[in-house]
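What follows is each chain in one-letter form.
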Amino acid sequence: MSIAGDVLPVGDAAVLAVVGDAIDEGTAARVWALHAAALQAFGSAALDVVPAYASVLVRFDPAAAQLAIAMATMRGALEQATTGPPAIVRHIDIGVCFSNEYALDLEDVAQKTELAPLQVIEEFCRPIYRVAFLGFSAGFPYLLGLSDKLHLPRLPTPRVKVPAGSVAFAAGQCGIYPRNSPGGWRVLGKTGATIFDPAKAEPALLHPGDSVRFHAVDSLDQATAVVR
Amino acid sequence: MSTSIEIIDPGLLSTVQDLGRQRVAALGVSPSGASDWLSARCANRLLGNTHNAAVVETTMTGIRFTPRQTTMIAITGADAPVSVAGAQRPTWQALRVRAGVEVKIGHAQRGVRCYVAFHGGIHVPLVLGSASTDVTAGFGGAGRALAMGDTLALVQVERELPDDERAIPASARPFWRQPAVLRVLPGPHIARCAAHEIETLCGQAYRVSTRSNRQGVRLEGHALRNDAGFDVLSSGVCAGCVQLTSDGLPIVLLAEHHTTGGYAVPFVVIAADIPDAAQLRPGDSVRFSRVTLADASAALTEKTQALREDFDEPAATR
């Protein structure tokens, strides 16, 4: 079945297809389907196909292709895209250490949500998350499924350095920082799993559509990832 | 014997760059690559290198280096004094450099980034298909910014060193004007801006902030005020996107941009003018000018003319 969406110009070297305006699994499923269809439709003409929560951007060489043709190709991809249950869903279990040295915002989150710290951890580990897309920085997964009880805005002042492996959430979103970087999300704990390694044939641990569960472990060396 | 280059002083920030990574933005990996892609390509063109050969990109304060073997180099990009073994030499020209002498690029007078191409190109292991240094992510090129004492190997090529010191004609080099003008086309969120806001964006000269870097050029000036703000649901972005930040001021994204962004993009700088954006320095004055797609296409043809004319086809170097 085809997907409804707007195709918008991005200067002379990219086009953007928007298929919704929500952060949810239904929208993400349309994005995953359009991503696959756009790869097919553009072939080698696409220098990059970039999915996000509710859109797909295609970058091309303006010396080799014209915007009007790229927009028509993207409309064709919307026509061709088929949504439906994915053939294979990978499940990844990720251990997280919630001890004080890594749980930079746990106390504060507990206070703001009027939950005990242990309840925050329980609430955080309860859902089965889905990876919506990778963005912001290399391998950074945006996860869908955060509990309603953990809806807090971003930190008023972002941290200059969020440690690599930090598991964090804010504004209805959830993710894992692959490496030390600035960031404004609320850090609950840390995993020792390698989230991104550019030297590997599969550099990113997580891919759009994957399902993810977090579980609490006692120490960082137990905080690994298992792909099932 | 293979040729190598020793870095004596890397200046403020010098990195190995080619034309960037492709088809990995879906992994959250920035394209990176030469910020001013046109100058990088011109430097390679002067030496008969492939257009994607790896070069050194310098920032503001130049660089000092010494080739261990005699080689050819070409320096393009920002307007900066160049000396070889203490004698002043021109930019935008192929230069023969003898083994052991020092090449020095001084402080840029106009523009920010110089590009140094070497005969054959720099040899570094490719990461995700590219030689480019992603400074933020910490991979590619030398794995980081170049440091004093670093040695760069060059790609070994069969062809002889050319003996002509050919130049790119002055008419094809950047002309520096103030205020600089960046030509723009509509971005995906142009409908989020009211007519008077678009007028504010295009009607004023902005000042380039000191907080600019390889990720983007931050501009200061009269801020747009919008009660609804300019935040959007994060979506894919590319170099040239003009993002409106929460404070109502624009950022022009450059090569090492994040792959997705949550700020509205009312305009996008045309591909032909991204090199100009990459050469804006703190304190420079710049304004946006709306053009048509036909203008953008003609501008790209015009600016890349030096890459097509006069020269022989480059031999394969890798």
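Cut-offs applied
- Think of each chain on its own: its residues are numbered from 1, step by step along the sequence as written.
- Chain letters and ligand numbers both follow the written order, the letters beginning at A and the numbers at 1.
- This being a predicted model, a pLDDT of at least 70 is required before a residue's local features are given, and a value of 80 or more before pairs of side-chain atoms are given or counted; all residues contribute to the totals for chains, interfaces and linings.
- The helix and strand labels rest on DSSP assignments: H or I over at least four residues marks a helix, E over at least two residues marks a strand, and numbering proceeds from the N terminus.
- Our radius of gyration looks at C-alpha atoms and nothing else; its globule reference is 2.2 Å times the residue count to the power 0.38.
- Counts of 20 or more other C-beta atoms within 10 Å of a residue's own C-beta define buried residues, counts of 12 or fewer define exposed ones, and intermediate counts define partly exposed ones; C-beta atoms are placed from the backbone.
- Contact between two residues is assigned when their C-beta atoms, built from the backbone, lie within 7 Å.
- Here the nonpolar group is Ala, Val, Leu, Ile, Met, Phe, Trp, Tyr, Cys and Pro; Asp, Glu, Lys and Arg are the charged ones; every other residue, Gly included, is treated as polar.
- Core membership is restricted to buried Ala, Val, Leu, Ile, Met, Phe, Trp, Tyr and Cys residues, and these are joined into a nonpolar core through C-beta atoms within 7 Å.
- Per the annotation, domain bounds derive from an automatic or database assignment of domains.
- Two strands form a pair only when DSSP identifies at least two bridges running between them.
- Here an angle of 0 to 180 degrees is reported between the N-to-C directions of two axes, which are lines fitted to C-alpha atoms, with helices fitted over the stretch in contact.
- Regarding the arc, it is the one traced by the directions from the helix axis to the C-beta atoms.

Student: How do you make sense of the overall build of chain A when you look at a structure like this?
Tutor: Check the secondary structure of chain A and you find four helices and 14 strands. Its C-alpha atoms give chain A a radius of gyration of 19 Å, within 12% of the compact-globule value 17 Å for 228 residues. In terms of its C-alpha atoms, chain A occupies a principal-axis envelope of roughly 55 × 35 × 35 Å. Each of the 228 residues in chain A was classed as buried or not, and the buried ones make up 50%. Of the contacts formed within chain A by residues at least 6 apart in sequence, a portion of 62% connects residues at least 24 apart.

Student: Hey, could you run me through the overall build of chain B in this one?
Tutor: Looking only at helices and strands, chain B has four helices and 20 strands in total. At 20 Å, chain B has a C-alpha radius of gyration in line with the 20 Å of a compact globule built from 318 residues. Across its three principal directions, the C-alpha atoms of chain B cover 65 × 40 × 30 Å.

Student: Honestly, unusual backbone geometry in this entry has me stumped. Any pointers?
Tutor: If a residue is not glycine, its phi is most likely negative; likewise, a peptide bond is most likely trans. The omega angle of the peptide bond from B:Gln178 to B:Pro179 is -5°, so this bond is cis rather than trans. Tracing the chain through its elements places B:Pro179 in the loop between strand S12 (151–154) and strand S13 (180–186). Here the phi dihedral of A:Phe136 falls at roughly 70°; this positive angle occurs in a residue that is not glycine. Inspection of the secondary structure puts A:Phe136 in the loop between strand S6 (129–134) and strand S7 (141–144). A positive phi angle, near 50°, is found at B:Leu128, a position not held by glycine. Within the secondary structure layout, B:Leu128 lies in the loop between strand S11 (122–123) and S12. On the basis of neighbour count, B:Leu128 is assigned to the buried category, with 20 C-beta atoms found within 10 Å.

Student: Where do I start with the interface of chain A and chain B in this structure?
Tutor: Often, the extent of an interface is quoted as the loss of accessible area upon association of its parts. With 34 residues of chain A in contact, the opposing surface of chain B contributes 35 residues. When contributions to the side of chain A that touches chain B are tallied by element, the ones reaching two or more residues are strand S1 (6–10), strand S2 (14–18), strand S3 (48–51) and strand S4 (55–59) of chain A. Sorting elements by how many residues they give to the side of chain A that touches chain B places S3(A) first, with four residues. Considering only residue class, the side of chain A that touches chain B consists of 24 nonpolar, five polar and five charged.

Student: Would you explain the nonpolar core in this entry?
Tutor: When a protein is soluble and globular, its nonpolar side chains tend to lie buried together. In terms of nonpolar packing, the biggest core is built from 179 residues, with A:Leu34, A:Ala38, A:Val58, B:Val55 and B:Ala117 touching the most fellow members. The dominant element in this core, judged by the number of residues it contributes, is helix H1 (residues 25–42) of chain A, at ten residues.

Student: Could you clarify how one ought to interpret the domain arrangement of chain B in this entry?
Tutor: All names here are of chain B. As far as domains go, chain B holds domain 1 (4–173) and domain 2 (180–303). Measuring from the centre of the C-alpha atoms in domain 1 to the corresponding centre in domain 2 gives 27 Å. In this assembly, 21 residues from domain 1 lie in contact with 14 residues from domain 2. Going through the elements one at a time, helix H1 (37–47) and strand S10 (110–118) are the ones with two or more residues in the side of domain 1 that touches domain 2. Partitioned by chemical class, the residues of the side of domain 1 that touches domain 2 number nine nonpolar, nine polar and three charged.

Student: Even after reading the chapter, I still don't get the sheet that holds strand S2 (residues 15–17) of chain B, so can you show me in this structure?
Tutor: Strand pairing in a sheet is mediated by backbone hydrogen bonds. Such pairs are either parallel or antiparallel. Residues and elements named next belong to chain B. Spatially, five strands are ordered S2-S3-S10-S5-S8 in an open sheet, and the strand pairing comes out antiparallel. Of all strands in the sheet, those bounded by a partner on one side alone are S2 and strand S8 (94–97). Here the strands of the sheet are splayed against their neighbours by 35° on average, with no regard to which way each runs. Sheet topology places S2 next to strand S3 (residues 55–57); three bridges connect them, and they run antiparallel. The partner of Val 16 across the bridge, within S3, is Val 56.

Student: Explanation requested: helix H4 (residues 117–125) of chain A in the structure shown.
Tutor: Side chains of residues three or four places apart in an α-helix project in the same direction, reflecting 3.6 residues per turn. All names here are of chain A. If you check which residues of H4 are buried, you get Val 120, Ile 121 and Phe 124. An end-on view of H4 places all buried positions within 95° of arc, on one side of the element. For H4, the elements touching its buried residues are helix H3 (106–113), strand S12 (186–190) and strand S13 (211–217).

Student: How should the sheet that holds strand S9 (residues 103–105) of chain B be read in this particular structure?
Tutor: All names here are of chain B. Taken in spatial order, the seven strands of this open sheet run S7-S6-S9-S4-S1-S12-S11, and their pairing is antiparallel. Each of the sheet's edge strands pairs with one partner strand only, and the pair in question is strand S7 (87–89) and S11. Bridge analysis of strand S1 (residues 4–9) against S12 gives three bridges, and the strand direction is antiparallel. Paired with Ser 4 across the strands is Ala 153, a residue of S12.

Student: I keep staring at the domain arrangement of chain A and nothing clicks. Help me out?
Tutor: Residue and element names in this part refer to chain A. The domain boundaries assigned to chain A delineate domain 1 (6–80) and domain 2 (91–227). The C-alpha centroid of domain 2 is placed 28 Å from the C-alpha centroid of domain 1. Top element by residues in the side of domain 1 that touches domain 2 is H1. It accounts for three residues. Residues belonging to the side of domain 1 that touches domain 2 are distributed by class as follows: six nonpolar, no polar and two charged.

Student: Explanation requested: the environment of A:Ala54 in the structure shown.
Tutor: Mapped onto the elements of the fold, A:Ala54 is located in the loop between S3 and S4. Taking the C-alpha atoms as reference points, A:Ala54 and A:Ala17, 37 residues apart in sequence, are found 8.5 Å from one another.

Student: Mind showing me how you'd approach the pairing of S13(A) here?
Tutor: All names here are of chain A. The pairing of strand S5 (residues 91–97) with S13 spans seven bridges and is classified as parallel. Residue pairing for S13: Ile 94 is matched across the bridge by Phe 214. Of the pairings in the sheet, the one linking S6 to S13 comprises two bridges and is antiparallel in character. What sits directly across from Arg 130, in S13, is Ser 211.

Student: Can you help me understand the environment of A:Gly175 in this one?
Tutor: Residues and elements named next belong to chain A. Counting through the fold element by element, Gly 175 comes out in strand S10 (residues 173–176). Judged by C-beta crowding, with 25 C-beta atoms within 10 Å, Gly 175 ranks as buried. Between the C-alpha atoms of Gly 175 and Ile 88, which are 87 residues apart in sequence, the distance is 22 Å.

Student: How should I be thinking about the pairing of strand S20 (residues 285–290) of chain B in this particular structure?
Tutor: Within a regular beta strand, the side chains point alternately toward one face of the sheet and then the other, so they alternate between its two faces. Where S13(B) meets S20(B), five bridges bridge the pair, whose relative direction is parallel. Across the sheet, B:Leu182 pairs through a bridge with B:Phe288, a residue of S20(B).

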